[in-house]
Amino acid sequence: MQKRLLFDGRLLQFTINRLCQQLIENHGDFANSVLMGLQPRGIFLAERIRTSLESLLNKKILLGYLDTTFHRDDFRRRDAPIAPHETKVSFVIEGKKVILIDDVLFTGRSVRAALDAMVSFGRPEKVELLTLIDRMYSRDIPVEATYVGRRVNTVRSQRILVELKEQGMPEDNIWIMEKEDEA
C-alpha cells in the first residue's frame, strides 16, 4: 500500500484549534451545549477538543462516549458479531445542543446510527456533526458535517488512517492509504 500524509502533529493541532474557535463562535460558553464522541475512534478527537475548549473557556465541558454498535444497519448482516464499546453518557441531552464528533465521515451510516442511539438520552434541541476528515463523494446516506477539519476526495478503494498519540502511536499523523494495483 502507498500512503500520503494529510496531517502531521503540527497541522492537526492547528486544525483542532480552528475547529474549537468555530465551536465557540456558534456555542458561546457552552452553557447549553455538550460533546458526544463516537466510539471507538471519535472519542480521541472528542477528548482533545474538550481539553482545548476547557482551556479556552476556563470551564468544564460535558463529554459523552456513544457506542452505535446495536444501532448499525449492518449489525445482523455480519458473519462474526461486532464487539460493542462502552457508552458513557452521564448527562441528559434533552433540550441541549449536541455536537457529535468522529474522526472520519465516510458513508454517513455511523452518524445515522448515532442519531438513533442518542434518543436513549433525551431529545436534543439541535445536533451538529464535527469531523476531522470528510471523505467527499462517498455518502450512502445524506449526511453533511457542520464542522470539518479537511475535505478529501477519495474513492472506495482508499482509506483514511488516523494515528494519534492517545491510541499508542509515537506521533500524530493522518494518512490516506491507496491500494497498489496487483499485477
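Residues numbered from 1 in each chain as written. Predicted model: local features only at pLDDT ≥ 70, side-chain atom pairs only at ≥ 80, totals over all residues. Heavy atoms only, no water.

Novice: Which residues make up the pairing of strand β4 (residues 97-105), and what values go with them?
Specialist: Where burial is concerned, most of β4 is hidden: 8 out of the 9 residues are buried. Two elements, strand β2 (residues 33-38) and β4, share 5 bridges in a ladder whose sense is parallel. By the bridge assignment for β4, L35 is matched with I99. Where β4 lies against strand β5 (residues 126-136), 8 bridges are found, and the strand directions are parallel. If you follow L105 over to β5, its bridge partner there is D134. (Buried < 20%, exposed > 50% of the residue type's maximum accessible area, 1.4 Å probe, protein only. Helix = DSSP H or I, 4+ residues; strand = E, 2+ residues; numbered from the N terminus. Pairing = 2+ DSSP bridges.)

Novice: Explain the packing of aromatic side chains to me, using residue names and the numbers behind them.
Specialist: The full count for this structure, using the stated rule, is 0 aromatic pairs. When the ring centre of W175 is taken as origin, the NZ or CZ atom of K3, which lies over that ring, is 4.3 Å away. The positively charged end of R135 is found above the aromatic ring belonging to F106, 3.9 Å away from the centroid. (Phe/Tyr/Trp six-rings, centres within 6.5 Å; stacked < 30°, edge-to-face > 60°. Lys NZ or Arg CZ within 6 Å of the ring centre and 35° of its normal.)

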